[in-house]
Every structure is written in structure tokens, then in C-alpha cells.
Amino acid sequence: MQETPFCLRVGQLLPYSMSDSNTTDFTNPSTFILLGIPGLEAVHVWISIPFCTMYVIAILGNFTVLFIVKMEPSLHRPMYYFLCMLAVTDLGLSTSILPKMLSIFWFNSREIDFSACLTQMYFIHCFSVMQSGIFAAMALDRYVAICHPLRHSTILTNPTVATIGLAMVLRCGIFSLPYPFLARQWPYCRTNIIPQTLCVHMAVVNLACADTHVSSYYGLFLQFSVMGLDVIFIVVSYIQILRAIFSLPTKDARIKTFGTCSSHLFVILAFYIPRLFISLLYRFGQNVALNFHVLISNVYLLMPPMLNPIIYAVRTKQIWDRLLRLFTHEGP
């Protein structure tokens, strides 16, 4: 999301919100104007239906995961503690995005206070970094469980899991702080129109009338030094996991052991593959319509919070069994 070129074409979008006379000769506006999905204003209400559905599924799904893990003592293990952290992060990310988006679609409420815009920017990037860190922590759990099963309970104790969770929170909080601080320091004298549904970092910074390369460089630094390290850690962990799996004596044992990783692999792919696609689209899709860029970016941010609880509910036997008992009222 960091290198979005949306605002470089903002001049094409002025007729949608205000005249040229109102978008020049001002400095540091107190509010920004979020256009929503440029060119598709007439169908905003219809577009809101799938996004609202995704939000409802994300809320219900993640709260259900939290409830099931809390109520089922057999799920009080590191893997499910990390899953609860992921559920809370997904709830935070989707709630940082959807309420304002839906207010644009339903009520044409496009104005957003400058401070509120920076706050939304912070939480979007903070929760995204948090998601990546939790996937790395889950990879650690799967590595220890498969490669060192006899030591799993002694290595990943509850205090250790809590420490990892706290480290993930501090990491995402600290590394995301420069985004709003850098954005706040720039002078804004071009326009206050953001051709987006939300305040992502470069969409705001590209409106500044100053040299903002430091913001771009920081975004790249965060991508490669923080989230990139998470990817490397996950890849290395799964190389070791696959080596351990293929060393098992029987095919059934290999399939069963690999099955314990399947949910984690699915959510990782649902997170990183769209991110790669978005990155390539921004760099090589200059001829792609702006409204498609906006749509696909929003879907990318909202899809993982919706899919993660569904994947874990379907692919994890313990959660699926507890969910069935919850709805059929069978058993304790």
C-alpha cells in the first residue's frame, strides 16, 4: 500500500468534489476529502453491499473464534493463543477501515479531520504489521510442535507466548509511529482531495508540496526490514518443517502432520499473495483504471480479516467440532 500513485492523478478528480478555486491557495487544511471510489459515485450504495457483508462476516467470525477458544479448555495452547491475537488484530484492522468507508458510501460523508486521517493511517499500518508478525509467531509454533514436539510445552510456555505477543504489539506500535509523524510535518498547499476511501500513507503524503522522499523510503524500509524479515523467518521455518515431515516413516503420518500446518499456510497465502499482486499492480499497472486500483486495494485490506476465521474454523478440527457443538447444543 505504501507506493500508491493515486494522488499523482488527483487533478483529474477535482470535478467530483470541489472547484479549482477551492483547492488552491490554502495551507495545511484542517480536513481532507475522501472521494470514495472515483467515477463510481453513482453506485456507491451497491458497492457498499459486498464490503458491508465482508465486515459483518469478519466481526462475527473473529468474535466466534475468540469465544470458542475461551470456552474450550483443550484449545488453551500456544497455537490458539496466537490465533486469538490474530482475531483481535483482524477486528482492529477491519474496524479502522469500514465505518468511514460505509459513511462515504451511504451518507456521502467525505470529510475527515486531519488528525482523524492520521489516526486511521496509523492503525491501518499498525495492524498490517501486527498481522505479519503474528504469522511469523505461528510459524515458530508449528516449527517447535513438529521439529521438537517433546519440548513444545517447555519452549512455548504461557509467559513466553505473552512475551511474544507483547513484542509484536510494541513492534507494530513503534514502527508505525513515523507514518503519522512524517505526514504531519509536511506543508499541504496543493489540494485536500484524496481519491481513496481511506487515509493510507502515501495517498496523503503525495498531496504535500515538499520533498517527501523520506516518507517513501521509510515505507520501503518497513516493507523490507520488518515484514520482509517475517517472510524470511516463515520460509526458513517451513523448510525445516517440511524436512521433518518428509523424514517421517509413513505416508499417513506425513499427511497428518502436514495437516496441522494447513490452516496456517492458507492464511499466510491469503495475506502475502494479494500483497504481492497489489505491489506489482502499482508498479506496472499505470494503464489500469483508478477506480480498479481503489477497489482492489480495499478488497486486499478487508479480505484477510474475513477469511482468517473461516479458514481456521473449517480447517481446524478442534474449532470445527466445538463450533458444531455450539450450534447443535451437544455435549458440554
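Our subject is the structure that appears above.
What you are looking at is a predicted structure, and each value in this text was computed from that prediction instead of being measured.

Enquirer: What exactly am I supposed to notice about the overall build of the chain here?
Expert: Broken down by element type, the chain carries 11 helices and three strands. Reading the chain from its N end, one meets helices and strands in the order β-α-α-β-α-α-α-α-β-α-α-α-α-α. When each of the 332 residues of the chain is scored for burial, the buried share is 51%. Taking contacts inside the chain between residues at least 6 apart in sequence as the whole, the part at least 24 apart equals 80%. Accessible surface, the chain as shown: approximately 15,500 Å² in total, 70% of it carbon and sulfur.

Enquirer: Could you clarify how one ought to interpret empty space enclosed by the protein in this entry?
Expert: Any empty space left between atoms is shown by rolling a water-sized probe over those atoms. For the coordinates displayed, the defined rule picks out two cavities of 30 Å³ or more. For the second largest cavity, the calculated volume is near 40 Å³. What lines the second largest cavity is simply Met79, Met138, Asp141, Arg142, His264 and Tyr312. The element best represented in the lining of the second largest cavity is helix α3 (residues 114-147), accounting for three residues. Of the residues belonging to the lining of the second largest cavity, the class tally is three nonpolar, one polar and two charged.

Enquirer: Whenever I open this one, the pairing of strand β1 (residues 31-34) confuses me. Can you help?
Expert: Strand residues, when the strand is regular, have side chains that alternate between the two faces of the sheet. As judged from the three bridges shared by β1 and strand β2 (residues 111-113), these two strands associate in the antiparallel manner. Bridge pairing in β2 links Thr31 to Asp113. Two strands pair when backbone bridges link them, and β1 and strand β3 (residues 193-194) are joined in this way by two bridges, in the parallel orientation. Paired with Ile33 across the bridge in β3 is Ile193.

Enquirer: How should helix α1 (residues 44-71) be read in this particular structure?
Expert: An α-helical turn contains 3.6 residues, so a residue and the one three or four places further along point in the same direction. The end-to-end C-alpha separation of α1 is 40 Å, in line with the 40 Å expected for 28 residues at 1.5 Å each. The sharpest bend along α1 measures roughly 25° and falls at Pro50.

Enquirer: What's the story with the pattern of salt bridges in this structure? I'm lost.
Expert: Across all of its chains, the model carries two salt bridges by this definition. With a closest N to O distance of 2.8 Å, Arg142 and Asp141 form a salt bridge. Judged by its relative accessible area of 1%, Asp141 falls in the buried class.

Enquirer: What's the story with the environment of Met202 in this structure? I'm lost.
Expert: If you trace the backbone, Met202 turns up in helix α7 (residues 201-205). You can call Met202 buried: its relative accessible area is 4%.

What counts and how
Position numbers for residues start from 1 in each chain and track the written sequence from start to end. Predicted model: local features are reported for residues with pLDDT of at least 70 only, side-chain atom pairs are reported and counted for 80 or more only, and whole-chain, interface and lining totals are derived from all residues. Hydrogen atoms and water are omitted, and side-chain values are computed over all heavy atoms in the structure. Numbering of helices and strands runs from the N terminus, with a helix taken as a DSSP run of H or I at least four residues long and a strand as a DSSP run of E at least two residues long. Only protein chains enter the accessibility calculation, which uses a 1.4 Å probe; a residue is then buried when its area is under 20% of its type maximum, exposed when over 50%, and partly exposed in between. Contacts were defined at the residue level, with two residues in contact if any of their heavy atoms lie within 4.5 Å. In short, Shrake-Rupley with a 1.4 Å probe defines the accessible areas, and a residue's cover is counted only from the protein chains shown. A pocket here means an open set of points on a 1 Å grid, computed over the protein atoms alone, that has protein on both sides within 12 Å along at least five of seven lines. A cavity is instead a set of points where a 1.4 Å probe fits but cannot get out; residues with an atom within 4 Å of a point line either one. Grid points are joined across faces, edges and corners, and a volume is the space filled by probe spheres set on the points. Polar here means any residue other than Ala, Val, Leu, Ile, Met, Phe, Trp, Tyr, Cys and Pro, which are nonpolar, and Asp, Glu, Lys and Arg, which are charged; Gly is therefore polar. We treat two strands as partners when DSSP finds at least two bridges between them. Each helix should span, by expectation, one fewer than its residue count multiplied by 1.5 Å. The term bend refers to the angle at a residue between two fitted axes, each drawn through seven residues, those ending there and those starting there. Salt bridges, as used here, are contacts in which a Lys or Arg side-chain nitrogen is within 4 Å of a carboxyl oxygen on Asp or Glu.

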